[in-house]
Number of protein chains: 2
Amino acid sequence: MSERVTVSQAAALLREADRILILTHHFPDGDTLGSGYALCRALRALGKQVRVVCNDAIPEKYAYMWEGMETQDFEPAFVCAVDVADEKLLGETLQPLAAQTELCIDHHGSHRPFEKRLLLDAAMGANAMIILQVIEELGVTLDVPMADCLYTGIATDTGCFKYSNTTPLTHRMAAQLMEVGAHAEPINRAMFDIKSRARLSLEQQALQSMTFYAEGRIAVMKITEEMLTTSGACEGDLEGLSPLPRQIEGVWVGATLRRKEDGSYKVSIRTGAHADASEICALLGGGGHARAAGCTLSGSDEAVLNELLGAIKQAVPRLQENCE
Amino acid sequence: MSERVTVSQAAALLREADRILILTHHFPDGDTLGSGYALCRALRALGKQVRVVCNDAIPEKYAYMWEGMETQDFEPAFVCAVDVADEKLLGETLQPLAAQTELCIDHHGSHRPFEKRLLLDAAMGANAMIILQVIEELGVTLDVPMADCLYTGIATDTGCFKYSNTTPLTHRMAAQLMEVGAHAEPINRAMFDIKSRARLSLEQQALQSMTFYAEGRIAVMKITEEMLTTSGACEGDLEGLSPLPRQIEGVWVGATLRRKEDGSYKVSIRTGAHADASEICALLGGGGHARAAGCTLSGSDEAVLNELLGAIKQAVPRLQENCE
C-alpha cells in the first residue's frame, strides 16, 4: 500500500537515492516533462546519476528542456514517477516499472496509488509547483534551465494562468521563476501560439466534427486516426485540442473523443463552473480534476456517444430535461 | 507643457479633486476600461462624484465593471485620462476635453502629452498596474469589483501573461488581486476563450481560405462579406482574427484581407522577428507598428494579392528568391 509523504520526506528520499529513473506519463505534456527534467537537473546538480524516460516520443518543441544534458547510462536503483495519476498512464513500455516505483509526485486528486510512497498535493494547479518545493527542500539553487522547465509545467497546466486551477501561489511561483531567468515569452509562444500546418488542418477537421447536445450546453468533438493521417499531424499536435469544445459560447461540458486504432476512445472532458468533469469521468471509470478529466470508452460510435451523454446527464442533473 | 508627476503626487491631485470625469480611449479595451472603472470606484469610496466616459459604445462583456454603480450627473471640475497615449485616441466626441485634462495616467512609451500633468510608467505592461499603485497611495482598501477591473486590465494587456511585457511584478499584482477576490477564471474565459458559434464558423471559413507563398513564409487569409453572412458573425466577431496567419509554424509574414462591400480590401499584416509590418504597409500607403500594421487596397482579387506579395518581397528581401 502507498504511504503519503511530505515535501521534506520526499526530498529526504531523493537525497539518499542515486541512479534515479524518472517516469513521465504517456502522451507527455509540458507539466510531466517540465516536472521530470527540472527534477532530473536538480538531482544531477547534487552529483547523482538521473535520467527521464517516457513511453512516447517527446515532441520537438520541448527540446530545450534537456539541452546540454549528457546521456547517462546506468542500472536504475530508484524509480520516481512525476505527474502520473495512474499506472496505466505510464504507457505500455513503462507500466512494468509501476511496482518498483519508490516515489510518485503528483497533483491529481483522482490519483490511484501504485507507488510505495506518494507526495500528492491536489491544490497545486501544476505538478511542477510541487517539484519547485521539492527542489527548494533539496537545497538546490534554481538555474535558468530548471526555471524554464518548471515555468513550462506551470504555464501549460494552467492554460497560461487562465484556468480556475490558477491561484495566487501559481502567480508568485511564476514571478520567482522569471526572476531566476525563465524565458517566459518564447516558451509561451511555442506552447500556445505557434501551430504547425498539420496541427491547423487537424484542428479544422476536429472542429468540423463538433456536434451539440442539450440545447448547446454539451459540445462533442471527434478526433480519428484518419484525421491524423490526412492532416499529417503527430501526437504532439493533439495537445491543446481538448479545451476547444468548452470554449464555445453557452457550452457547460466539452468532450473530445479520440478514436484509437484498437477502436477504443480516449475521452477528455472540460467543464466550466456548471459541471464537474471528474464526477462525469468517475461514472465512466476515469478521473481527473474538477474542470479537466478523462476516461477510456469502447464500443460503436453510437454506443460510446450514448454512454458519454448518459454519464453527463447523470452527473449534471440540470442538463437532464434538455437532454431528453 | 505637460509636467511629469509621481504616483503619490497623482494621488494627491485626485485626493484634492471632486466631480471627476475619467476619459478612456476610443475602441475601448480591457485596460482603459479596467483602469477607468477601478479608479472611479476607488474615488467614489472616498465620497467623491466620479464617472467614466468613452467615445464608443462599451462591449457588453465588460458590463461587470460598472455593475451596482449608480449614475452620477454633475458638472465636471477635474478631468483625468487613463491609458490614453494621444489626444486623437480620445475619439471625436471627447477630444475637445483634451485641453482641460488635468491629469493623464498612461503606460505607453510613445505617449504624446496633451494633459497638464502626466503620470507615465512605460515599464508597466498594463496601465491598470499604475492605477493599482495610485489606489493604494490613496489609502483605499481594494474591494472585489475594483480587483476585477484591475485584473481585467492586466490580463488583457499582457495576453493573459503571455506577452513579453509580463514581468514578475505583473504576476505579483495578479496574485494580490486574486487574494482580494478577483474572479480571474470567468474574466479570462470571457476575455480570451469564449467564442460564439458564429465566430467559430467565421474562423473556420477564414482558415480554409488560407494560402501560403514563399515556401510557407507568407500566409494570406481572406475574410469576405459572404463569410460574415453565412456564419452570422458580427463586427465584434472579427476581433482577434488577424494574428492567426502569423501563428502558423514557419510563417514570417501573416496577412488578413478583408473584402468590404465596396470591393476594397482592408489589409492587416502581422510579422515576427524576421520582417517589419510597418515597412510593408508603408509601401502600400498604410502604417502601424513593427509587428502589426495595416493598409487599404483596391482592385481585383488577383491584382490586390500581387500588389501585396510584391510589397512584402520588396520590404523583406530575404523572401525574394522564394517568391519567384
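Cut-offs used in this document
- Residues numbered from 1 in each chain as written.
- Chains lettered and ligands numbered in written order.
- Predicted model: local features only at pLDDT ≥ 70, side-chain atom pairs only at ≥ 80, totals over all residues.
- Heavy atoms only, no water.
- Contact = heavy atoms within 4.5 Å.
- Buried area = accessible area lost by both parts, 1.4 Å probe.
- Salt bridge = Lys/Arg side-chain N within 4 Å of Asp/Glu carboxyl O.
- Helix = DSSP H or I, 4+ residues; strand = E, 2+ residues; numbered from the N terminus.
- Nonpolar A, V, L, I, M, F, W, Y, C, P; charged D, E, K, R; others polar.
- Buried < 20%, exposed > 50% of the residue type's maximum accessible area, 1.4 Å probe, protein only.
- Pairing = 2+ DSSP bridges.
- Disulfide = S-S within 2.5 Å.
- Axes fitted to C-alpha atoms, helices over the stretch in contact; angles between N-to-C directions.
- Parallel < 35°, antiparallel > 145°, perpendicular 65-115°, else oblique.

Peer 1: Please give an account of the interface of chain A and chain B that cites residues and values.
Peer 2: In this assembly, 37 residues from chain A lie in contact with 36 residues from chain B. Taking both sides of the interface into account, the surface hidden between chain A and chain B amounts to around 3500 Å²; carbon and sulfur atoms contribute 56%. The largest per-residue losses of area from chain A upon contact with chain B belong to Lys162, His171 and Arg197 of chain A, which jointly make up 18% of the total buried on that side. Across the chain A-chain B interface, the total number found is 5 salt bridges. Notably, a salt bridge pairs aspartate 193 of chain B with lysine 162 of chain A, separated by 2.7 Å at the nearest N-O pair. Breaking the side of chain A that touches chain B down by element, the ones donating at least two residues are α5 (168-180), α6 (184-193) and α7 (197-208) of chain A. Among the elements that make up the side of chain A that touches chain B, the one with the highest residue count is α5 of chain A (8 residues). Class assignment of the residues belonging to the side of chain A that touches chain B gives a composition of 16 nonpolar, 11 polar and 10 charged.

Peer 1: Would you mind going over the pattern of salt bridges in detail, with residue names and values included?
Peer 2: Residue and element names in this part refer to chain A. Counted according to the given criterion, the structure contains 24 salt bridges over all chains. The salt bridge involving lysine 88 is made with aspartate 86; its shortest N-O contact spans 3.6 Å. Residue arginine 199 pairs with glutamate 203 through a salt bridge whose shortest N-O separation is 3.1 Å. With a gap of 4 residues between them, arginine 199 and glutamate 203 both fall in helix α7, about one helical turn apart. The exposure class assigned to arginine 199 is buried, which follows from its relative accessible area of 10%. Taken together, the shared-partner salt bridges connect Asp86, Lys88 and Arg112 into one network.

Peer 1: Run through the environment of cysteine 234 of chain A, naming residues and quoting values.
Peer 2: Relative to the assigned elements, cysteine 234 of chain A resides in the loop between α8 (225-231) and β9 (253-259). It is 9.7 Å that separates the C-alpha atoms of cysteine 234 of chain A and leucine 202 of chain A, two residues lying 32 residues apart in sequence.

Peer 1: Explain the sheet that holds strand β6 (residues 117-120) of chain B to me, and be specific about the residues and the numbers.
Peer 2: Residue and element names in this part refer to chain B. In space, the 6 strands of this open sheet follow the order β1-β6-β5-β4-β2-β3, with parallel pairing throughout. Because the sheet does not close on itself, it has two edges, and the strands there are β1 (3-4) and β3 (50-53). The pairing of strand β5 (residues 101-106) with β6 spans 4 bridges and is classified as parallel. Bridge assignment links aspartate 106 to a residue of β6, and that residue is leucine 120.

Peer 1: How would you explain the state of the cysteines if you had to name every residue and give the values?
Peer 2: Residues and elements named next belong to chain B. In this structure the tally under the stated criterion is 0 disulfides over all chains. Here cysteine 40 is not cross-linked by a disulfide; its sulfur's nearest cysteine counterpart is in cysteine 149, at 9.1 Å. Among the cysteines around cysteine 54, which has no disulfide bond, cysteine 40 carries the closest sulfur, lying 14 Å off.

Peer 1: Help me get a handle on the packing of α5 of chain A against helix α5 (residues 168-180) of chain B, residues and values and all.
Peer 2: Two elements in contact, α5 of chain A and α5 of chain B, have axes separated by 8 Å at closest approach and are oriented at 170°. On the basis of their axis angle, the class for α5 of chain A and α5 of chain B is roughly antiparallel. From α5 of chain A, Pro168, His171, Arg172, Ala174, Ala175, Gln176, Met178 and Glu179 of chain A reach across to α5 of chain B, where they touch Pro168, His171, Arg172, Ala174, Ala175, Gln176, Met178 and Glu179 of chain B. Residues that form the contact of α5 of chain A with α5 of chain B fall into these classes: 8 nonpolar, 4 polar and 4 charged.

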